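# Working through the structure, step by step
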Amino acid sequence: MRIGELSRRTGVSERLLRYYEQQGLLGPERLPSGYRAYRASDVAVVRRIRALLAAGLSTATISQVLPCLRDNGEHLVPTCPDLLGELRAERDRMTSAIEELELSRSLLDRVITAGQTAMG
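Being a predicted model, the structure only gives us computed values, none of them experimental. (Residues numbered from 1 in each chain as written. Predicted model: local features only at pLDDT ≥ 70, side-chain atom pairs only at ≥ 80, totals over all residues. Heavy atoms only, no water.)

## Some words on the UniProt feature "domain: HTH merR-type" (unreviewed entry) in the protein chain
Per the UniProt annotation, the sites labelled "domain: HTH merR-type" (unreviewed entry) are residues 1-68. Spanning residues 1-68, this segment combines 54% helix with 6% strand, and its end C-alpha atoms are found 25 Å apart. (UniProt positions renumbered as here; feature names shortened; annotations may be inferred. Helix = DSSP H or I, 4+ residues; strand = E, 2+ residues; numbered from the N terminus.)

## Let's talk about the nonpolar core
Counting residues in hydrophobic clusters, the biggest one holds 20 residues, and the most contacted among them are Leu17, Tyr20, Leu26 and Ile49. For this core, the secondary structure elements donating two or more residues are helix H1 (3-10), helix H2 (14-22), helix H3 (42-54) and helix H4 (59-65). No other element matches the five residues that H3 contributes to this core. With residues up to four places along the chain from it excluded, the contact list for Leu17 reads Ile3, Leu6, Ser7, Val12, Leu26, Tyr38 and Val46. (Core = buried A, V, L, I, M, F, W, Y, C linked by side-chain atoms within 4.5 Å. Buried < 20%, exposed > 50% of the residue type's maximum accessible area, 1.4 Å probe, protein only. Contact = heavy atoms within 4.5 Å.)

## Notes on the packing of H1 against H2
Put simply, H1 and H2 touch, their axes get as near as 9 Å, and they point 105° apart. On the basis of their axis angle, the class for H1 and H2 is roughly perpendicular. The segment H1 lies against H2, with Ile3, Gly4, Leu6 and Ser7 engaging Glu14, Leu17 and Arg18. Along the lines of polarity and charge, the residues of the contact of H1 with H2 split into three nonpolar, two polar and two charged. (Axes fitted to C-alpha atoms, helices over the stretch in contact; angles between N-to-C directions. Parallel < 35°, antiparallel > 145°, perpendicular 65-115°, else oblique. Nonpolar A, V, L, I, M, F, W, Y, C, P; charged D, E, K, R; others polar.)

## Re the side chain of Thr10
Its location among the elements puts Thr10 in helix H1. Under the relative-accessibility criterion, Thr10 is labelled buried at 18%. Beyond its immediate sequence surroundings of up to four residues, Thr10 is in contact with Val43 and Val46.

## What to know about the state of the cysteines
Across all of its chains, the model carries one disulfide by this definition. Across the disulfide, Cys68 is cross-linked to Cys80 (sulfur-sulfur distance 2.0 Å). Judged by the torsion about the S-S bond (-80°), the Cys68/Cys80 disulfide is left-handed. Taken together, the residues Cys68 in the loop between H4 and strand S3 (69-71) and Cys80 in the loop between strand S4 (76-78) and helix H5 (83-119) connect sequence positions 12 residues apart. For Cys68, a relative accessible area of 15% corresponds to the buried category. Since its relative accessible area comes to 26%, Cys80 is described here as partly exposed. (Disulfide = S-S within 2.5 Å.)

## Observations regarding the packing of H1 against H3
Orientation of H1 relative to H3, taken along the N-to-C sense of each, is 55°, at an axis distance of 10 Å. What the angle tells us is that H1 and H3 run oblique. For the element pair H1 and H3, the recorded crossing hand is right-handed. Contact with H1, carried on its side by Leu6, Arg9 and Thr10, involves Asp42, Val43, Val46 and Arg47 of H3 and no other residues of that element. Split into classes, the residues belonging to the contact of H1 with H3 amount to three nonpolar, one polar and three charged. (Left-handed = near helix turned anticlockwise from the far one by under 90°.)

Structure representation (structure tokens):
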């Protein structure tokens with residue numbers, strides 16, 4: 001199928017599909033005409049990519065973990081032994097970032113409160 005059809009089936013813009021290809025997440029065949037030819041299975045791949053992006057993973061991380069995931073119909077399931085450790089490390093990174101953001105928000109709240117008090 002061509003890129004327009006994949007875009008229609010997945011709800012992902014053609015521009016994003018090209019970006020996924022640049023990032024190594026999709027590998028369409030190139031026809032002699034230069035057009036991209038996607039497999040029907042690429043619809044599921046794009047859905048996995050979207051799910052992983054929604055989970056907060058970067059495209060660089062997704063390119064590493066995507067080959068080690070399968071979709072069981074309800075969830076993405078790791079299939080490579082090392083993947084759980086990598087996913088836990090990514091979750092720990094996210095947790096640290098969240099904690100830093102919460103601290104920043106708390107500091108900003110103090111400034112806002114002090115400003116409201118001063119302006120009375």
